[in-house]
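Coordinate inspection notes
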Amino acid sequence: MADAGRSPTVPGSAPTGLSSSVAASRLERDGRNDVPTVRSSHLLTTVRRQLLDTIMLVLLTAAGLTALTADWTDCAVIVAVIVLNTILGTVQEVRSARSIAALADLTAPQATVIRDAVPRLIPSSQVVRGDLLAVSGGDIVAADATLSLAQFLRVDESMLTGESIPVEKTDGDRLAAGTVVSTGRGLAVVQETGARSSIGSIAASLSKIRPAGTPLQRQLATLGHRLAVAAAAAAVVVAGLNLAMGHGLETSVVLAISLAVAAIPESLPAVSAIALALAARRMAEAGVLARHLAAVEALGSVTVLAVDKTGTLTEGRMSVSDTWAPDISVAVGGVDLLSAAALCNNARNADDPLPSTHDDPLEVALVDAATAAGIDVAALRRRWVRVGEIPFDAAATRMQTTHRSGNRQVELCKGSPEAVLGSVLDESDPAAGAMAERWAAAGSRVIAVAGRTDGRWHLLGLVAITDAPRSTARGMIEQFRRAGIRPVMVTGDHQATAQAIASAIGLIGPGDHPLSAAEFLAGADGSVLARVRPEEKRAIVGELQRRGQLVAMTGDGVNDAPALRQADIGVAMGRRGSEVAKQTADLILTDDGLPSMISAVREGRRAADNLRRFLHYAVSGGIAEIVIMIIGPVLVVPVPLSAGQILWINLLTHGLPGVAMGSEPAVADVLTRPPRTPTDQLLDRRAGLRVALLGTWIATVCLLAGRIGAATGGSAQSTIFVALTFAQLGVAVALRPGRAIRHNPLLPASVGLNLLLVVLAVTWSPLLALFHTRPLTYGEWLLCVGAGVLAAVVGRRQRQDSSAVGGR
Ligand SMILES: Nc1ncnc2c1ncn2[C@@H]1O[C@H](COP(=O)(O)OP(=O)(O)OP(=O)(O)O)[C@@H](O)[C@H]1O
């Protein structure tokens, strides 16, 4: 393997990094820094897949049969249906694949590189050999690289080695692509990218292992199979019936096949993929990036939203509001409170050689306070060189550093008052404890700072840090509650701080107290959990799930990854979130704020509603066709519909209106009703009965129209053909949610087009021959319109019961 740092062809180790032009030419030469994945399939492959679909194979058989018996008109209709179905299917598949690919690009990992002497955040896929990679806590190493500078760097290599304790890395050590930086910072020269790096073995281990398809899609598949069996059984009955009536084998078989094809809602998978992909796109516009479609759908069923505090419920802009020292002049080895807070601190100062990808806002606030107090932080850090660090540990809630100036050495520690006053200091300091309590009760985050020179720790003082609640937080909490989603705050902060913030935003009442993780895990219930250690977050999510909740959880740090993975929907913050959190999450909030989450919930529920509505429509239509073909021959006319007519109705009513129904606007109560239980059946007994009722009703009115038509000298078959199309399109319009038509012009447009096509089928002579139809009399037209209206009326009534048809 070439050493990119030294090789004359890859001279990238200069501190200024590569120039943009060199980087561009290397990207061109070496290719993108990602593992070649199965790219979106070729158009021809998609077409072939469509044609090899079972339903298509059945149709091809029917076409073959009609050709064999020289039944050219039916053959032509079947071929037309095959062609049109393939085009529709391909277009839908390509469209949803495109939206998914666009989302994948938006949520792709990013890396910081030094280019043209400035740090730049770029997509990891554009990192090239010789790039100077800057890494810090929470980053995923973008490529195999050699460290040229490391500051207290620890890397979690468990995905490579299985070893869960982070490994310390120093100058000259190798960093493997895909491993995760736990703490510290470093600069490294990229050696290998793309498939030549170790990324390939790792990409998979980072993300959730997700079952193929979303839960709803899997339910749809099961339902689809059941319907197919039912349709096949009905087809056998129809074939038998026709044979018994002496219609000949070929006619009976083709009729049966057409019925089976029409009765199975074969466009369901396509409609569901489109509905979810559209929802994902609209969510992205609202600032919520879904990393896979299952998340879009699951969002609609979320019952608990576990949120962290800082930056999510609060502004995330910290500032020091107060300081307290036990004695005004206290200093350890010459280092006082604010100097210590700036030294025992990893936020950058003005002349820091190492860029940091994520400065902790708390540490930035401390550096700012020191600067405001007249301390030259850069000079201070040069004078007191850091020689050791025990990085901030969220479980211990403190960090510690060792500094040397000439022959003097000082150890500094900062952290939560409990950690510093309680376990670092040898003696407790009641005055400090009382002060910390007072500040925390007022909603501040309190940091205690201590120093040691002579083997004894001395308290240097306390710092109060404020971070105002977001102005939108209270409204958001109310909105989530209205939508049946319970917000729960899970924070590492002190109980008193958590309580103050939580009551300020209306999460808990004034008398309510936050729970500890242990209390919650032991069975207590509450909306605020405080002093939660990162490793407890995962258990808390698990406990909520055990209590039957579907949990969405926000997080941003390296330590949050296990909880994000455990949650049904892990939500990472786009700006403040670490790369690990983002790559583990299911959703990324680009603006770090919760308001966009509520729009996302709306989209998730809307997509699920639309699917249910389409299912109601498609299955009732299928039932109507079956009833007509079984009852019709006995009561009305020997062949109520020809094979071509059945297929044409199927194509007209399922194709474009199906896609249109997938993009209906959200119903009015979408955010004020409780979430749907994920285990809810798509078509439970009640909904199934309604669908059956609607289907039978459609069949009844159509057969009636045919019968009256025939009695008045018309053609029963042509009347049933037109009446059934009108009835199905009437139901499509009737099931629409009660919003203005302009919200989804696609539906009226597709219904209009279909009406035109069916009218042409009974008026235009070439189509008359093709569909074996006859022109209708005025009376018959009236009957057909009547059938359409009667079907729509029942459809509308069923829509009033929101649960059956995907909401009002
Ligand atoms: N950089 C730091 N150095 C020392 N102590 C810190 C630092 N950051 C936080 N602490 C202490 O550790 C405690 C827990 O902080 P942590 O950042 O782990 O909480 P969190 O769960 O991320 O909080 P939130 O829910 O508010 O985002 C804080 O209350 C504070 O006392």
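Values in this document were obtained by computation on a predicted structure and should not be read as measured data.

Right, let's talk about the site of the ligand for a bit. The environment of the ligand is formed by 21 residues, the closest being Thr310, Thr491, Gly492, Asp493 and Arg531. Here a nitrogen atom of the ligand and a side-chain polar atom of Asp360 are 3.1 Å apart. Take Gly492: an N or O atom from its main chain is 2.7 Å from an oxygen atom of the ligand. Secondary structure elements with two or more residues in the shell around the ligand: α12 (361-372), β13 (408-415) and β14 (445-452). With 3 residues, the top contributor of residues to the shell around the ligand is β14. Per-class residue counts for the shell around the ligand are 6 nonpolar, 6 polar and 9 charged. When residues of the shell around the ligand are sorted by domain, at least three fall in each of domain 3 (288-314 + 469-590) and domain 4 (321-465).

As a further point, take the pattern of salt bridges. Evaluation of the coordinates by the stated rule reveals 29 salt bridges. Arg486 is the salt-bridge partner of Asp525, the closest N and O atoms lying 3.1 Å from each other. Of the two residues, Asp525 is situated in the loop between α18 (517-521) and β17 (528-529) and Arg486 in strand β16 (residues 486-490); the sequence distance between them amounts to 39 residues. Two residues, Lys582 and Glu579, come together in a salt bridge whose shortest N-O distance is 3.9 Å. Here the residue Lys582 and the residue Glu579 both occupy positions in helix α21 (residues 579-584), the gap between them amounting to 3 residues, near one helical turn. Of the two residues examined, Lys582 and Glu579, each falls in the buried class.

Before going further, it helps to examine the sheet that holds strand β19 (residues 569-573). An order of β8-β20-β19-β18-β9-β16-β17 is seen for the 7 strands of this open sheet, with the pairing classed as mixed. Each end of this open sheet is capped by a strand with a single partner; those strands are β8 (288-290) and β17. Contacts between helix α19 (residues 534-546) and the sheet are confined to β9 (304-307), β16, β17 and β18 (551-555), with β18 contributing the most and set at about 165 degrees to the helix.

What follows deals with a nonpolar patch on the surface. A contiguous nonpolar patch, built from Val79, Val83, Leu84, Ile87 and Val91 and spanning about 380 Å² of accessible area, is present on the exposed surface. Among the secondary structure elements, Val79 is positioned in helix α4 (residues 72-106). When its relative accessible area of 39% is taken as the criterion, Val79 is described as partly exposed.

What follows covers helix α14 (residues 417-424). Among the residues making up α14, those that are buried are Pro417, Ala419, Val420, Leu421 and Val424. Turning to α14, the residues buried within the fold contact β12 (398-405), β13, α15 (430-441), β14 and β15 (457-466).

On to the confidence of the model for the protein, then. Close inspection of predicted coordinates is inappropriate for parts of the model with low pLDDT. Residues with a pLDDT of 70 or more make up 91% of the protein, whose mean pLDDT is 84. With pLDDT under 50 throughout, residues 1-14 is counted as low confidence; its partners more than four residues away or in other chains account for 28 contacts. Contacts of residues 204-211 to residues separated by more than four positions or lying in other chains number 21 contacts, the stretch itself having pLDDT below 50. Among the scores for the predicted complex, ipTM is 0.97 and pTM is 0.80.

Glancing now at unusual backbone geometry. A negative phi holds for most residues other than glycine; trans holds for most peptide bonds. At Arg531, a residue that is not glycine, the phi angle is positive and equals roughly 45 degrees. Within the secondary structure layout, Arg531 lies in the loop between β17 and α19.

Attention shifts here to the sheet that holds β14. With antiparallel pairing, 6 strands are arranged side by side in an open sheet as β10-β15-β14-β13-β12-β11. Across the chains shown, the open sheet's two edge strands, defined by having one partner strand only, are β10 (319-324) and β11 (385-393). Pairwise comparison of adjacent strand axes, ignoring direction, gives a mean angle of 20 degrees for this sheet. Of the strand pairs in this sheet, β12 and β13 are connected by 8 bridges, and their pairing is antiparallel. When the bridges of β13 are listed, Thr401 appears paired with Leu412. Where α14 meets the sheet, its contacts fall on β12, β13, β14 and β15, and the angle it forms with β13 comes to roughly 125 degrees. α15 contacts β10, β14 and β15 of the sheet and is inclined by roughly 10 degrees relative to β15.

A separate point is helix α28 (residues 778-800). Relative to the 33 Å expected for 23 residues at 1.5 Å per residue, α28 spans 33 Å between its end C-alpha atoms, a close match to the ideal helical length. Turning to α28, its buried residues number three or more, namely Glu780, Cys784, Ala787, Gly788, Ala791, Ala792, Val794, Gly795, Gln798 and Arg799.

Take the pairing of strand β1 (residues 110-115) next. With 5 of 6 residues buried, β1 is to be regarded as a mostly interior element. As paired strands, β1 and strand β2 (residues 118-123) are joined by 6 bridges and run antiparallel to one another. The residue of β2 that forms the bridge with Thr112 is Leu121. Linking β1 to β2, which pair antiparallel, is a turn of 2 residues; within it Asp116 sits at a positive phi near 50 degrees. Taken together, the 3 bridges between β1 and strand β3 (residues 132-136) define a ladder with antiparallel strand orientation. Its bridge partner being in β3, Ile114 is matched across the sheet by Leu132.

Scoring rules and cut-offs
- Residues numbered from 1 in each chain as written.
- Predicted model: local features only at pLDDT ≥ 70, side-chain atom pairs only at ≥ 80, totals over all residues.
- Heavy atoms only, no water.
- Near = heavy atom within 4 Å.
- Polar contact = N/O pair within 3.5 Å; in protein donor to acceptor, adjacent residues only side chain to side chain.
- Helix = DSSP H or I, 4+ residues; strand = E, 2+ residues; numbered from the N terminus.
- Nonpolar A, V, L, I, M, F, W, Y, C, P; charged D, E, K, R; others polar.
- Domains from an automatic or database assignment.
- Salt bridge = Lys/Arg side-chain N within 4 Å of Asp/Glu carboxyl O.
- Buried < 20%, exposed > 50% of the residue type's maximum accessible area, 1.4 Å probe, protein only.
- Pairing = 2+ DSSP bridges.
- Contact = heavy atoms within 4.5 Å.
- Axes fitted to C-alpha atoms, helices over the stretch in contact; angles between N-to-C directions.
- Patch = residues over 30% accessible without salt bridge, like charges linked within 9 Å, V, L, I, M, F, W, Y side chains within 5 Å.
- Areas by Shrake-Rupley, 256 points an atom, 1.4 Å probe, with all protein chains shown as cover.
- pLDDT = per-residue confidence, 0-100.
- Expected span 1.5 Å × (residues − 1).

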